[in-house]
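A structural walkthrough
Each chain, written out:
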Amino acid sequence: MSSQNRTGSRRIKITSITGLALAGALVLTGCSPEVEKGWLPTERGTTNHTDRIMDLWVNSWIAALAVGIITWGLLVWCIIAYRRRKGTTGFPKQLSYNLPLEVFYLTIPLFMVLVFFYFTDQDQRAIDDRSQPADVVVDVRGKQWAWDFNYKKGEVITEDLHEAGVQAHLTGNEVNKELLPTLYLPVGKSVDLELNSRDVIHSFWVPAFLQKRDMIPGKTNYIRFTPTKEGTFDGKCAELCGEYHSEMLFRVKVVSESEFQAHMDQLRQDGNTGLLGAEYDRNPNLNEK
């Protein structure tokens, strides 16, 4: 009997040491920059929303891992504590129900779901808040398989301007990104992107901004953010939209306000005044006679 107790005690010690080692490894890996940003494809401070999105993502994983460790620990404890001992005969005592345990099973998961919902809803409302007018409004039109950018007259832009993009051509060689459709945005200015599709469903996605939204024919969706770091960021369509979906690439250049105004002046000199609006949209599901 004492030998059996020693064996059980040894197993519990081994399990405890293993659990502590795994927890320690998890804590140590949290020191790396990749873990701190949840392996997301950006850096903090890229826009006014990236930090909020990153914190929600990382903290959700921390909570999920904590719940997982507790659950795994309880499972291991139950396996060890209530294992069938040597010499035991018959079945263990059968219970039809346990009210406290059943209430626990119901309330704890419900509480967890409500907490996740609260923080997600709070951040989503803040990210999508358009209660104040934006400094810059750009009508982004996705088309098979490129992008048009309409810069609307407003506080920063003095005249309606447009820039029509052409499809990238992937040949297996390095892509010349200077030829890709490029959206210019001034750093530190709030931006409203009006997302529209000229034909089929597309999706506007800039991985570094951690925001993606579908572009649906006949419906305008919006993305509101303030770019806070200058740089050039890759973007793409994230919705399978046809044969050349993979070639529907673009870039976003976040520049100083003076450089942004210089680009607007260049568009004006090139004769790109006015907007390329809905008159250029098409519905591929309607047969043209």
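Residues numbered from 1 in each chain as written. Predicted model: local features only at pLDDT ≥ 70, side-chain atom pairs only at ≥ 80, totals over all residues. Heavy atoms only, no water.

1. What about the packing of helix H3 (residues 50–81) against helix H4 (residues 99–127)?
Note the threshold: Angles shown run from 0 to 180 degrees and are taken between the N-to-C directions of axes, each axis being a line fitted to C-alpha atoms and, for helices, limited to the stretch in contact. Going along the chain from the N terminus, every DSSP run of H or I of four or more residues is numbered as a helix, and every run of E of two or more is numbered as a strand. Each angle gets one of four labels, with under 35 degrees taken as roughly parallel, over 145 as roughly antiparallel, 65 to 115 as roughly perpendicular, and the rest as oblique. Residues are treated as being in contact if the distance between any of their heavy atoms lies within 4.5 Å. Polar here means any residue other than Ala, Val, Leu, Ile, Met, Phe, Trp, Tyr, Cys and Pro, which are nonpolar, and Asp, Glu, Lys and Arg, which are charged; Gly is therefore polar.
Interhelical geometry of H3 versus H4 gives an angle of 175 degrees and a closest axis separation of 11 Å. It follows from the interaxial angle that H3 and H4 lie roughly antiparallel. Across from Arg52, Ile53, Leu56, Ser60, Ala63 and Val67 in H3, the residues of H4 making contact are Met112, Phe116, Phe119, Thr120, Gln122, Asp123, Ala126 and Ile127. Taken together, the residues of the contact of H3 with H4 sort by class into 9 nonpolar, 3 polar and 2 charged.

2. Quick word on the UniProt feature "transmembrane region" (unreviewed entry) in the chain
Selection rule: UniProt positions are given in the numbering used here, feature names are shortened, and annotations may be inferred rather than shown by experiment.
On the UniProt side, "transmembrane region" (unreviewed entry) is annotated at positions that read residues 57–82 and 103–120 here. Summarising residues 57–82: 96% helix, 0% strand, and an end-to-end C-alpha distance of 37 Å.

3. With respect to the packing of aromatic side chains
So the rule is basically this: Side-chain rings of Phe, Tyr and Trp, where Trp is taken by its six-membered ring, are said to pair if the distance between their centres is within 6.5 Å; with planes under 30 degrees apart they count as stacked, over 60 as edge-to-face, and otherwise as tilted. Whether a residue is buried, partly exposed or exposed follows from its accessible area with a 1.4 Å probe, protein chains only, as a fraction of its type maximum: under 20%, in between, or over 50%, in that order.
For the structure on display, the rule yields 12 aromatic pairs. Seen from their ring centres, Tyr118 and Phe119 are 5.2 Å apart, and the 75 degrees between their planes marks the pair as edge-to-face. For Tyr118, a relative accessible area of 48% translates into the label partly exposed. A residue is classified by how much of its surface remains accessible, and Phe119, at 42% relative accessible area, is partly exposed.

4. Here we look at the pattern of salt bridges
The following threshold applies: Here, a salt bridge means any Lys or Arg side-chain nitrogen found within 4 Å of an Asp or Glu carboxyl oxygen.
Using the criterion set out here, one finds 19 salt bridges in the structure. With a shortest N-O distance of 2.8 Å, Asp121 and Arg125 are connected by a salt bridge. Of this pair, Asp121 and Arg125 are both found in helix H4, 4 residues apart, which corresponds to roughly one turn of the helix. Look at Asp121 and you get partly exposed, because its relative accessible area is 26%. A salt bridge links Arg198 to Asp281, with the shortest nitrogen-to-oxygen separation between them at 2.7 Å. Of this pair, Arg198 sits in the loop between strand S5 (191–197) and strand S6 (202–206) while Asp281 sits in the segment after helix H5 (257–269), placing them 83 residues apart in sequence. Its relative accessible area of 3% is what places Arg198 among the buried residues.

5. Topic: the side chain of Asp139
As a reminder of what qualifies: Pairing of N or O atoms within 3.5 Å defines a polar contact, subject to two protein rules: one partner must be a possible hydrogen donor and the other a possible acceptor, and residues neighboring in sequence count only if both atoms are side-chain atoms.
Tracing the backbone through its elements, the reader meets Asp139 in strand S1 (residues 136–143). Judged by its relative accessible area of 4%, Asp139 falls in the buried class. Within the structure, Asp139 has its side chain in polar contact with the side chain of Arg141 (distance 2.9 Å). Looking at Asp139, its side chain comes within polar contact range of the side chain of Asn196, at 2.8 Å. Those residues in contact with Asp139 that sit more than four places away from it in its chain are Asp148, Phe149, Asn150, Lys152, Glu194 and Asn196.

6. With respect to H3
So the rule is basically this: Each residue after the first adds 1.5 Å to the expected span of a helix.
The first and last C-alpha atoms of H3 sit 46 Å apart over 32 residues, in line with the 46 Å expected at 1.5 Å per residue. Every buried residue belonging to H3 is among Thr50, Ile53, Met54, Val58, Gly68 and Ile80, and all of these are buried.

7. Quick notes on H5
Formally: Comment: arc refers to directions from the helix axis out to C-beta atoms.
With 13 residues, H5 should reach 18 Å at 1.5 Å per residue; the first-to-last C-alpha distance of 18 Å fits that figure. If you check which residues of H5 are buried, you get Phe260, His263, Met264 and Leu267. The buried residues of H5 occupy an angular sector of 100 degrees when projected down its axis, which confines them to one face. Turned more than 90 degrees off the buried face of H5, the exposed positions are Ser258 and Gln269. In this structure, the buried side of H5 is in contact with strand S2 (146–151), strand S3 (161–164), strand S4 (182–186) and strand S10 (249–255). Where H5 terminates, the next one or two residues include Gly271, which has phi positive at roughly 85 degrees.

8. Regarding the nonpolar core
The nonpolar side chains of a soluble globular protein tend to be buried with one another. Definition in use: Put simply, a nonpolar core is a bunch of buried Ala, Val, Leu, Ile, Met, Phe, Trp, Tyr and Cys residues held in one set by side-chain atoms that sit within 4.5 Å of each other.
Counting residues in hydrophobic clusters, the biggest one holds 34 residues, and the most contacted among them are Val138, Val140, Trp147, Tyr151, Leu183, Leu193 and Phe204. Here this core gets 4 residues from one element, more than from any other, and that element is S10. Setting aside residues no more than four positions away along its own chain, Val140 makes contact with Trp147, Asp148, Phe149, Leu193, Glu194, Leu195, Asn196, Phe204 and Met215. One finds Met54, Val58, Ile127 and Leu210 within the second-largest nonpolar core, a separate group that totals 6 residues.

9. Describing the pairing of S1
Basically, it comes down to this: Strands were regarded as paired on the criterion that DSSP finds at least two bridges between them.
Among the 8 residues that make up S1, 7 are buried, leaving the element largely enclosed by the rest of the structure. The pairing of S1 with S5 spans 7 bridges and is parallel. Opposite Val138, over in S5, you have Leu193 as the bridge partner. For S1 and S2, the ladder comprises 6 bridges, and the chain directions are antiparallel. By the bridge assignment, Val138 is partnered in S2 with Tyr151. Between S1 and S2, which pair antiparallel one after the other, the connecting turn spans 2 residues.

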